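Structure at a glance
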Amino acid sequence: MSRRAGRFTRVESRCRARTLVLGLLSDLPRKNCWTIAEWAGDRTPDGMQHLLGRAKWDADQVRDEVGDYVVEHLHDDEAVLVVDETGDVKKGTDTVGVQRQYTGTAGRIENAQVAVCLVYAGRRGHAAVDRELCVPRSWTSDPDRCRAAGLGDNTEFATKPEPAARMVTRFLDAGHRAAWVAGDEVYGGNPRLRTALEERGTGYVLAVACSHEVTTGAGRFRADMLARKVPKRAWQKLSAGAGAKGHRFYDWAVIDLTDPRAGSRQLLIRRNRSTGERAYYRCHSPATVPLTTLVRVAGSRWRVEEFFQSGKGLAALDEHQIRRYPSWSRWVTLAMPAHAFLAVLRANEHEGHPSPDELIPLTCDEIQRLFITLVNRTVFDPVHRLRWSVWRRRHQA
């Protein structure tokens, strides 16, 4: 947190931000301004709410500091930037960006808020370096509603690949390097995003639908049609990376695509060895790379799912009870360094203190548990707890 101290204009805001981040790493069953304020010893949640809503500090500057911290400690010349969206189920209609929409978190259409995140994934670990809220058209078409939620008057509707392109551009413009970008079909099917990455000389492995059309030397075909023409000898068994139960082996094939522009372009096909189910990826790299490299990048996409799971479970990424955009941005921005702290500590422990054979390596969950127990444990007398009970009941009444 000392790296971000200069981003806060007042010492009170700086200290409270540190306390909030520690609260996000605590073992509270539910983390919001009320519970963290009680855990921190405050008499009311007013200070925490002031930090998120009215205090003067720039969340985007803190976000940039988080990116610097992650790259410094998890640096990898072959790092992959993974982009994906996550949804948080919400009640009511006043929370910024909420509407009935499909969210993978629930697996169905729900009243939800959706954000796109950018995760830096290297060999030592992974952590989020940027975030943007998706503002639906039902909001952008109502300026009064946007204004009430703290959104700017010039807020415009954007599809998910547009904030993804902005975040990648911001990250690279900050002087960081990333050799690859990975994403699912939402991003692979967007030609503008692919073109933007190609113009920057950044490689990508982006999933596409089976109906996606590509151009080869023999003509233009659907991806699934090309997959049927691949001979048996062209498939190779390769690992997409280690999972919870060991290496994830699939059969892979690659087909060269024709394009007058510079660079190497392929259609990568993945086949499940048990079910035969296929997945397809559009690939681009400034120079020709082996199949193993494309497979490694495709496998890196699952790191963003791991971030969403641990970021929500360990750092309360989704537990905010916040309605306006500035507060949402600040909460998520402070949850990012909380998770990054665990990811960096995990990487350092694996590198500097290898576990004996009879133990699994330290996980982020176990590091948080030890940190809470040994470093971050707070105990208050019954008077403090009873005072908060009275405050909650009075507020609710």
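The following refers to the structure shown. Model, not experiment: these values are computed from the prediction. (Residues numbered from 1 in each chain as written. Predicted model: local features only at pLDDT ≥ 70, side-chain atom pairs only at ≥ 80, totals over all residues. Heavy atoms only, no water.)

All right, on to empty space enclosed by the protein then. As enumerated under the stated definition, the model contains two cavities of 30 Å³ or more in all. Size it by volume and the largest cavity reaches roughly 80 Å³. In terms of lining residues, the largest cavity is bounded by Thr 86, Asp 88, Gln 113, Val 114, Ala 115, Cys 117, Leu 317, Trp 328 and Val 332. Secondary-structure elements contributing two or more residues to the lining of the largest cavity are β1 (80-89), β3 (108-121) and α13 (325-352). If you tally residues by element for the lining of the largest cavity, the top one is β3, at four residues. A breakdown of the residues in the lining of the largest cavity according to their chemical character gives six nonpolar, two polar and one charged. Looking at the second largest cavity, the residues that line it are Ala 165, Val 168, Thr 169, Leu 193, Ala 196, Leu 197 and Arg 200. Residues of the lining of the second largest cavity, tallied by class, amount to five nonpolar, one polar and one charged. (1 Å grid on protein atoms, 1.4 Å probe; cavity = no way out; pocket = protein on both sides within 12 Å on 5 of 7 lines; lining within 4 Å. Points joined across faces, edges and corners; volume = space filled by probe spheres on them. Helix = DSSP H or I, 4+ residues; strand = E, 2+ residues; numbered from the N terminus. Nonpolar A, V, L, I, M, F, W, Y, C, P; charged D, E, K, R; others polar.)

Another point: the layout of surface pockets. In this structure, the largest pocket spans a volume of roughly 1200 Å³. Lining the largest pocket are 38 residues, with His 126, Ala 242, Arg 303, Glu 306 and Arg 346 positioned closest to its centre. Contributing elements (two or more residues each) for the lining of the largest pocket: β9 (236-243), β10 (246-256), α11 (291-300), α12 (302-315), α13 and α14 (364-374). Broken down by element, the lining of the largest pocket gets its largest block of residues, six residues, from α12. The residue inventory of the lining of the largest pocket, partitioned by class, reads 13 nonpolar, 14 polar and 11 charged.

Once that is clear, we can look at a nonpolar patch on the surface. Where nonpolar side chains cluster on the molecular surface, the patch consists of Leu 370, Leu 374 and Val 375 and spans about 320 Å² of accessible area. A relative accessible area of 59% means that Val 375 is categorised as exposed. (Patch = residues over 30% accessible without salt bridge, like charges linked within 9 Å, V, L, I, M, F, W, Y side chains within 5 Å. Areas by Shrake-Rupley, 256 points an atom, 1.4 Å probe, with all protein chains shown as cover. Salt bridge = Lys/Arg side-chain N within 4 Å of Asp/Glu carboxyl O. Buried < 20%, exposed > 50% of the residue type's maximum accessible area, 1.4 Å probe, protein only.)

A few words on the pattern of salt bridges. Scanning all chains against the criterion turns up 32 salt bridges. Between Glu 38 and Arg 392 there is a salt bridge, with the nearest N and O atoms lying 2.8 Å from each other. With Glu 38 in helix α2 (residues 33-40) and Arg 392 in helix α15 (residues 382-396), this pair connects stretches of sequence that are 354 residues apart. The partly exposed category is assigned to Arg 392, whose relative accessible area is 26%.

Spatial relationships are all this shows, so hold off on functional conclusions.
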